[in-house]
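# Commentary on secondary and tertiary structure
Here is how the chains run, residue by residue.
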Amino acid sequence: MKYVDEFRKREEAQGLLRKIREISRREVSIMEICGTHTHSISKYGVREALPPNIRLISGPGCPVCVTSAADVNRLLDFSRSRRDVVIATFGDMMKVPGSSSSLQEEKARGGDIRVVYSPLGALDIAREDTGREVVLFAVGFETTVPTVAATMLAAREEGLKNFSVLSLHKLTPPAMRALMDTGEIDIDGFICPGHVTAIIGAGAYGFLATEYGSPCVVAGFEPIDAIMGIYMLVRQLEEGRKDIEIEYDRVVTWDGNLKAQEVMRSVFEPADSLWRGIGNIPGSGLRIRDEFADMDAEKRFSIPPGEDAEPRGCKCGSVLKGLITPDACPLFAKACTPEFPIGPCMVSSEGTCAAFFKYRRAA
Ligand code: SF4
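An account of the accompanying structure is given in this report.

Reading guide: rules and limits
- Residues numbered from 1 in each chain as written.
- Predicted model: local features only at pLDDT ≥ 70, side-chain atom pairs only at ≥ 80, totals over all residues.
- Heavy atoms only, no water.
- Helix = DSSP H or I, 4+ residues; strand = E, 2+ residues; numbered from the N terminus.
- Rg over C-alpha atoms; globule rule 2.2 N^0.38 Å.
- Buried < 20%, exposed > 50% of the residue type's maximum accessible area, 1.4 Å probe, protein only.
- Core = buried A, V, L, I, M, F, W, Y, C linked by side-chain atoms within 4.5 Å.
- Pairing = 2+ DSSP bridges.
- Disulfide = S-S within 2.5 Å.
- Near = heavy atom within 4 Å.
- Nonpolar A, V, L, I, M, F, W, Y, C, P; charged D, E, K, R; others polar.
- Expected span 1.5 Å × (residues − 1).
- Salt bridge = Lys/Arg side-chain N within 4 Å of Asp/Glu carboxyl O.
- Contact = heavy atoms within 4.5 Å.
- Axes fitted to C-alpha atoms, helices over the stretch in contact; angles between N-to-C directions.
- Parallel < 35°, antiparallel > 145°, perpendicular 65-115°, else oblique.
- Left-handed = near helix turned anticlockwise from the far one by under 90°.
- Polar contact = N/O pair within 3.5 Å; in protein donor to acceptor, adjacent residues only side chain to side chain.
- Phe/Tyr/Trp six-rings, centres within 6.5 Å; stacked < 30°, edge-to-face > 60°.

Here we take up the overall build of the protein. When you go through the protein residue by residue, the secondary structure sums to 17 helices and eleven strands. What you see for the protein is a C-alpha radius of gyration of 21 Å, in line with the 21 Å of a compact globule of 363 residues. In terms of overall dimensions, the protein has a C-alpha envelope of 65 × 45 × 40 Å along the principal axes. Among the 363 residues that make up the protein, the fraction classed as buried is 58%.

In this section: the nonpolar core. One finds Leu136, Met152, Phe163, Phe190, Tyr205 and Phe268 to be the most contacted residues of the largest nonpolar core, which totals 97 residues. Counting 23 residues, the second largest nonpolar core, distinct from the first, contains Leu17, Val28, Tyr231 and Met232.

This paragraph deals with the pairing of strand S11 (residues 279–288). In this sheet, S11 lies alongside strand S10 (residues 268–275) in antiparallel orientation, the contact comprising seven bridges. Its bridge partner being in S11, glutamate 269 is matched across the sheet by arginine 287.

Here we take up the state of the cysteines. In the structure shown here, the tally under the stated rule is one disulfide. Each sulfur in the disulfide pair cysteine 62 and cysteine 65 lies 2.3 Å from the other. The disulfide joining cysteine 62 to cysteine 65 has a torsion of about 75° about its S-S bond and is therefore right-handed. Looking at cysteine 62, the relative accessible area reads 2%, which means it is buried.

Moving on, we come to the site of the ligand. Taken together, Cys314, Lys315, Cys316, Cys329, Leu331, Phe332, Cys336, Gly343, Met346 and Cys353 form the complete shell of residues around the ligand. In terms of residue class, the shell around the ligand is made up of eight nonpolar, one polar and one charged.

For helix H5 (residues 69–81), with 13 residues, the first-to-last C-alpha span of 18 Å sits near the 18 Å given by 1.5 Å per residue. Taken together, the buried positions of H5 are occupied by Ala69, Ala70, Asp71, Val72, Asn73, Arg74, Leu75, Leu76, Phe78 and Ser79.

Evaluation of the coordinates by the stated rule reveals 28 salt bridges. Note that arginine 156 is salt-bridged to aspartate 294, the shortest N-O span being 2.9 Å. Within this pair, whereas arginine 156 is found in helix H8 (residues 145–158), its partner aspartate 294 is found in the loop between S11 and helix H14 (297–300), the two being separated by 138 residues in sequence. Of the residues examined, arginine 156 reaches a relative accessible area of 36% and is grouped as partly exposed. The exposure class of aspartate 294 is partly exposed, given its relative accessible area of 41%. The salt bridge involving arginine 241 is made with glutamate 245; its shortest N-O contact spans 3.2 Å. Looking at glutamate 245, the relative accessible area reads 16%, which means it is buried. Through salt bridges with shared partners, a single network forms among Asp77, Arg80, Arg83, Glu105, Glu106 and Arg109.

On to helix H7 (residues 119–128). For H7, the set of buried residues is Pro119, Gly121, Ala122, Leu123, Ile125 and Ala126. For H7, the elements touching its buried residues are strand S3 (86–89), strand S4 (113–115), strand S5 (134–138), H8 and strand S6 (163–167).

We now examine the packing of helix H1 (residues 10–23) against helix H12 (residues 223–239). Two quantities define a packed helix pair, namely the angle between the helix axes and the distance between the axes. Viewed as axis vectors pointing N to C, H1 and H12 meet at an angle of 15°, and their least axial separation amounts to 10 Å. What the angle tells us is that H1 and H12 run roughly parallel. Of the two elements, H1 crosses H12, and the hand of that crossing is left-handed. Facing H1, whose interface residues are Glu12, Ala13, Leu16, Leu17, Lys19, Ile20 and Ile23, H12 presents Ile224, Ile227, Met228, Ile230, Tyr231, Val234, Arg235 and Glu238. Along the lines of polarity and charge, the residues of the contact of H1 with H12 split into eleven nonpolar, no polar and four charged.

Relative to the assigned elements, arginine 47 resides in helix H3 (residues 46–49). In terms of polar contacts, arginine 47 uses its side chain to reach the side chain of serine 58, at 3.2 Å.

Following the criterion strictly, the structure yields six aromatic pairs and no others. Between phenylalanine 78 and phenylalanine 137, the ring centres sit 6.3 Å apart and the planes meet at 55°, which makes this aromatic pair tilted. With a gap of 59 residues between them, phenylalanine 78 in helix H5 and phenylalanine 137 in strand S5 connect regions that are remote in the sequence. With a relative accessible area of 3%, phenylalanine 78 lands in the buried category. Phenylalanine 137 sits in the buried class, given a relative accessible area of 1%.

What follows deals with unusual backbone geometry. The phi torsion at alanine 333 lies on the positive side, around 65°, for a residue other than glycine. Among the secondary structure elements, alanine 333 is positioned in the loop between helix H15 (316–320) and helix H16 (344–347). Of the residues examined, alanine 333 reaches a relative accessible area of 26% and is grouped as partly exposed.

In C-alpha cells:
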C-alpha cells in the first residue's frame, strides 16, 4: 500500500538504526508527545532497538488520559442527573473510571449514552430526534477540534436547536511548555505529533527551540517515520543544533492547515484547562465563543465541577508526565489490565499503559 509499505521496510529501519548508533555519543532523553507514536514505537520495538544512551519518554499525548478526574466525574454526574439527555461520546471515554462509575456503567443503568465515531455522528442523532437534547462530550487535541467546529457550524446553518457541545479539548504546545516549566524531568528534545501538527503547523513549536533550547522533529507514525524522526533529532543534539524539523513532510507544513485553523478560531477560543497529572495549564483548553453560546452545553445546562480524585493507587499522572514507565506502577498488569482498567492510561487505545501492556509484556 502506497505511503504504508515503504515506511515499514525492515532493511531501511535497520539502516537508520545503524546510522543512529554511528552518530550517537551523548546520553539523551527524547519525549514522544503523541499517544499514537507511543503505540507505534512500542509495537515495532523501536525503544529496545535504540542504543542504551538514548532514552525515549512517553508524554501526555492521549486526549482521554489527560482529561482530568474532575472532568470525568463531571460527565458522570451530568449523565446521572440528566437521563432525559442523549449523550454522544467517542468510544475510548466509555470505560474511563470515575470515582464511582464509568459512562459504560451509567449506560447500563439507563443513561442514553451513545458512542459516535465522529462529531457528525452526534449531529445525526440530533437530526433524527429533534425532541431531545443531544450533548457531545468533545474530548481531543487540535486534530479533532476543526471537525467539531465544522459540525457546530453545520448545526447553526441547519437551525438545529437540540445540539450542544461540552468542550474538553486540549491544546498541545501549552502542555509542552508546562512540562518544561515544571523542571521535574529532563527532556533534550521532542518528537512532535504528526496529525496535530498537520493542523497547527510545525512553526507552533518555535518557542521550544528559542526559549527552552529544545530541538523538535515532527514525525509520522509508521516505524520508519518514527526511527527517522529519532535519527534527525539525535543528529541535531549531537551537532548542537536547536531546530524545528519536519520528517512527516508528506502531510505537515510549517504553517499547517490555515482553513482548519480558521474554522477552529471561528467557534473556539483559548481557555485554561485542567490536565490529569499536570494540573491547570493556562491557555491549554478551548472554550466555545459567546457567539455560539446556544450550542455551549456549559451554558445551556448547569454542569458543576466533579470530584477531582484519582483512582486509588493509579499513577497515571506520573506516567503522563514521563516521570515513570507504566511497569513502575504497582497495579500494572496485576489489578489493572485493559479488561479491568483502573486508570485512563490503560483504557485508551492511545494510552501509555495500554501500549506497554499490549506490546512490552510480550517482548
Ligand atoms: S497501570 Fe493502571 S493503575 Fe497503573 S498508572 Fe497505568 S492506568 Fe493507572
